[in-house]
Amino acid sequence: MELDTIIIGSGMGGLSSAICLSRAGQRVMVLEQHDVPGGWCHSFYLNGYRFTPGVHYMGLLDKGEPTSELYEGLGIANDLVFFRMNPTAYEHCWVGNERVDMAAGFNELIESLSNRFPKEKKGIKKYLEIVRNVSDELHLIPKMNGFWDNITIPWRTRNLGRYGLFSLKRVIDWHIKDPLLKNVLNVQAMNHGLPPDQASFPYHCAVMQHYFSGGFYPMGGGGAIVKAMTKAIKKNGSKVQTSSRVKRILLEGNKKRRAIGVELEDGEKIYAKNIISNTDPNITYLDLIGKSNLSSKLLKKLDKTKYSCTSLMLFVTVDMDVREAGLDSGNIWMMDNKDSDEVFNDLMKIDITSGESFPGMFISCTTLKDPPSFDGRHHTLEVVTFINRESFNHLKEDGYHRSKEYKQYKDRLTQKMINGLEKVLPGVSNKIVHKELGTPITNEFYINSTEGNVYGTEKSFKQTGPFSYKAKTEIENLYLCGASIIAHGVAGASYSGVQTAAIILNCKQEDLIKTDESQNMRIYNAENSSEYPEWILQKMKMKRERVRKGS
């Protein structure tokens, strides 16, 4: 089969590009080094229980909102079901002994925070309005076309112009004085892995607005999104091929380099008119292209590029009534009662074995976010903390071969994570059925992320917006997509794939995700099963009956 486009990597960016291109009539092949597609969004099973490393919640999924429009436009909305997380507290902020909830809804959030911090009422309203306005203006820029739009840009993006060059810390300090409230409003900075004093304020505005309508979780975990996307690609006559690691991108030409195909690790060569890389820029350019084929300008940029922090992810199955213990479908962000910047700096220390627990953790109960996945007895938890990759540099690992030193180190860190979980679920240590810790080395092996990073390039001011990597590269017929291009996260990476496809097809992004009235997202409340359709109730009933019969 003669191919139009080869896509390296099956993350959200690669899959969304493949849908758009194949639907336009192109013959596309997606090559994935792992044995399952999806990148960070893939799901896996431990002792029969499902986990997803990179999908903990999503936003803007109500009708007419960007993520919903994306899935409708890609033609996969009918294959997806989402659960709305606790609308009164989709985020629970545990700061020391203080507990503050973040409510879904812009006005609801202002009201709930103002009730908790009455002296800050005016500042809360002003700050959140700025966040919304800056984010709206960011989304407006790509849609501007023609003479009149260009004339009115300064007025229509005045908030972005005023606050665009400042850090999150600088702007929030102007409007908020209460240290606890600052930590609560800053907690979502962890969604881009930077402390407030390093985080780009406009980028943070986009992340925070993404969740103004609350949090949503896909039924079936991230793997359900991957399944819907791969189904669409195959329906369009294209292919997703796993266990196919690309060794190098094939080039031709001397003065003007042109990508013509790829060579796999087994030596097979596959040719196509276009190549899209859904891998990190450094892997694409340095590993798959090679320094000798790159300009000095690009090499300088690559040398200066910083990648986001890495993580520890604890996947736990417990035989415990976690709802009775106080959990619900909302996330828990737990941190020491310190300034957010100080907490982040503590997390980035090289020695991560000292101390009883980590100074900051994210806790998610997937069986409460996705009720049909609960078997009536065992709950699954995903516990995450950010760390510096250097804390693992003393360990030398090779593929599946894990040293005794690595396993011992992992055991110590697992216990430290469990100690933190005990603060939320007292007695959970004695209720654990199965546990597994994912490390930076795990991320590198399964996801092929540079230094085990979780968000692509670091989302600091100098690496976002106009300073980020572009979809079109200096090598003819070679394109990029993914978390380092527009934005990270499920939606951000997916939109990057649409943008890349639009460049190849010489059209606009909105041309590829037009409104489709036949597509409708189904959304149900994770906290209220009374509204579930009969097929979901039957699914839940059958799952629990199987467990009862087997026990």
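Please refer to the structure placed before this passage.
Read on for an overview of the structure. Because the structure is predicted, anything quoted here is derived from the model rather than measured.

A look at the overall build of the chain
Broken down by element type, the chain carries 19 helices and 19 strands. For the chain, the spread of C-alpha atoms along the principal axes amounts to about 65 × 60 × 55 Å. Relative to its 551 residues, the chain shows a buried fraction of 58%. In the chain, the share of contacts with a sequence separation of at least 24, taken over all contacts with a separation of at least 6, comes to 72%. Just so you have it, the chain exposes about 23900 Å², and 49% of that area is on carbon and sulfur atoms. In the chain, 71 positive and 64 negative side-chain charges are present, and the distance between their average locations comes to 3 Å.

Digging into a positive patch on the surface
Taken together, the side chains of Lys 300, Lys 304, Lys 306 and Lys 462 define a basic patch exposed on the protein surface. As for its placement among the helices and strands, Lys 304 is situated in helix 12 (residues 296–304). By relative accessible area, which is 61% here, Lys 304 ends up exposed.

With respect to the pattern of salt bridges
Under the counting rule described, the total for this entry stands at 22 salt bridges. A salt bridge links Lys 338 to Glu 342, with the shortest nitrogen-to-oxygen separation between them at 4.0 Å. Across the salt bridge formed by Asp 346 and Lys 338, the nearest N and O atoms sit 2.9 Å from each other. The exposure class assigned to Lys 338 is partly exposed, which follows from its relative accessible area of 31%. Linked through salt bridges whose partners overlap, the residues forming this network are Lys 169, Asp 173, Lys 182, Asp 339 and Asp 341.

Things to note about the sheet that holds strand 14 (residues 331–335)
Through backbone hydrogen bonds, the strands of a sheet pair up, either in parallel or in antiparallel fashion. Sheet architecture is open: seven strands sit in the order 7-6-14-15-16-13-17, paired in mixed fashion. Among the strands making up the open sheet, the edge pair consists of strand 7 (98–102) and strand 17 (432–438). Shown here is a sheet whose adjacent strand axes are inclined to one another by a mean of 20 degrees, direction ignored. Bridge analysis of strand 13 (residues 310–319) against strand 17 gives six bridges, and the strand direction is antiparallel.

Things to note about the packing of aromatic side chains
Going through the model one piece at a time under the given rule, you end up with 20 aromatic pairs. Taking 6.2 Å as the distance between ring centres and 50 degrees as the angle between the ring planes, the aromatic pair formed by Tyr 127 and Phe 201 counts as tilted. Note that Tyr 127 is positioned in helix 4 (residues 121–140) and Phe 201 in helix 9 (residues 201–210), a separation of 74 residues in sequence. Taking 4.7 Å as the distance between ring centres and 65 degrees as the angle between the ring planes, the aromatic pair formed by Trp 333 and Phe 362 counts as edge-to-face. Of the two residues, Trp 333 is situated in strand 14 and Phe 362 in strand 15 (residues 360–365); the sequence distance between them amounts to 29 residues. Here Trp 333 and Phe 362 have matching classes, each one buried. Put simply, the rings of Tyr 57, Tyr 90, Tyr 211, Trp 333 and Phe 362 pair up and form one aromatic cluster. Against the face of Trp 94 rests Arg 99, its NZ or CZ located 3.7 Å from the ring centre.

What counts as what
Residues numbered from 1 in each chain as written. Predicted model: local features only at pLDDT ≥ 70, side-chain atom pairs only at ≥ 80, totals over all residues. Heavy atoms only, no water. Helix = DSSP H or I, 4+ residues; strand = E, 2+ residues; numbered from the N terminus. Buried < 20%, exposed > 50% of the residue type's maximum accessible area, 1.4 Å probe, protein only. Contact = heavy atoms within 4.5 Å. Areas by Shrake-Rupley, 256 points an atom, 1.4 Å probe, with all protein chains shown as cover. Lys, Arg positive; Asp, Glu negative; His and termini not counted. Charge placed at Lys NZ, Arg CZ, Asp CG, Glu CD. Patch = residues over 30% accessible without salt bridge, like charges linked within 9 Å, V, L, I, M, F, W, Y side chains within 5 Å. Salt bridge = Lys/Arg side-chain N within 4 Å of Asp/Glu carboxyl O. Pairing = 2+ DSSP bridges. Axes fitted to C-alpha atoms, helices over the stretch in contact; angles between N-to-C directions. Phe/Tyr/Trp six-rings, centres within 6.5 Å; stacked < 30°, edge-to-face > 60°. Lys NZ or Arg CZ within 6 Å of the ring centre and 35° of its normal.

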